[in-house]
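# Summary of the model geometry
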Amino acid sequence: MIKLVIMLKHDKYVYIEVKRSLNEKKEEKFYVKARSFKAKDYNSPDRYVIAGIKKEKPPRGASVIKVDDVPLEIKEKLLGNK
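Residue numbers run consecutively from 1 along every chain, following the written order of its sequence. Whole-chain, interface and lining totals are the exception, using all residues; otherwise, since this is a predicted model, local features are given only for residues with pLDDT of at least 70 and side-chain atom pairs are given and counted only at 80 or more. Just so you know, side-chain values use all the structure's heavy atoms and leave hydrogens and water out.

Below, the discussion takes up the packing of aromatic side chains. The geometry of an aromatic ring pair is captured by the separation of the ring centres together with the interplanar angle, meaning the angle of the planes. A pair of aromatic rings is counted whenever rings of Phe, Tyr or Trp (Trp by its six-membered ring) have centres within 6.5 Å, and the orientation is called stacked for planes under 30 degrees apart, edge-to-face for over 60 and tilted otherwise. Inspection of every chain in the model, using the stated rule, returns 0 aromatic pairs. Looking at R35, its charged tip hangs above the ring of Y13, at a distance of 5.8 Å from the centre. Working rule: Lys NZ or Arg CZ, within 6 Å of ring centre, within 35 degrees of ring normal, means a charge sits over the ring. Its guanidinium or amino end placed over the ring of F30, K54 lies 4.3 Å from that ring's centre, counting from NZ or CZ.

Take a look at the structure:
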């Protein structure tokens with residue numbers, strides 16, 4: 001049997017946990033894949049480039065950050081607020 005091993009490229013990619021409220025009782029939770037540049041400042045919007053991949057669960061060994069931990073410009077893109 002052949003096993004496939006997923007390499008996560010040493011924190012080059014992170015998954016951002018996004019929670020959106022659909023109404024008072026229902027909430028949507030998903031993860032968005034983003035490229036993370038370590039050389040950029042932590043609060044800079046240039047640090048993250050959204051890959052546009054939306055998943056219900058991230059890979060097992062992936063780095064997951066909350067949407068509140070990313071800069072405001074990236075947060076607005078993910079939540080759809082303009």
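A few words on the pattern of salt bridges. Between Lys or Arg on one side and Asp or Glu on the other, a salt bridge is scored when a side-chain nitrogen of the former is within 4 Å of a carboxyl oxygen of the latter. Applying the stated criterion across every chain, the model contains 5 salt bridges. Two residues, K19 and E17, come together in a salt bridge whose shortest N-O distance is 3.9 Å. In this structure K19 comes out as partly exposed when scored by relative accessible area, which is 42%. Residue class for E17 comes out buried when judged on its relative accessible area of 9%. Note that K54 and E28 form a salt bridge whose closest N and O atoms lie 4.0 Å from each other. Highlighted residues: K54 in strand β3 (residues 48–55) and E28 in strand β2 (residues 27–36), separated in sequence by 26 residues. Burial classification: accessible surface area is computed with a 1.4 Å probe over protein chains only, and a residue below 20% of its type maximum counts as buried, one above 50% as exposed, and the rest as partly exposed. Overall, the relative accessible area of 25% leaves E28 in the partly exposed class. Salt bridges sharing common partners tie together E17, K19, K29 and K66. Helix numbers and strand numbers start at the N terminus; a helix is a DSSP run of H or I with at least 4 residues, a strand a run of E with at least 2.

Scope: geometric values only; no functional claims are made or implied.
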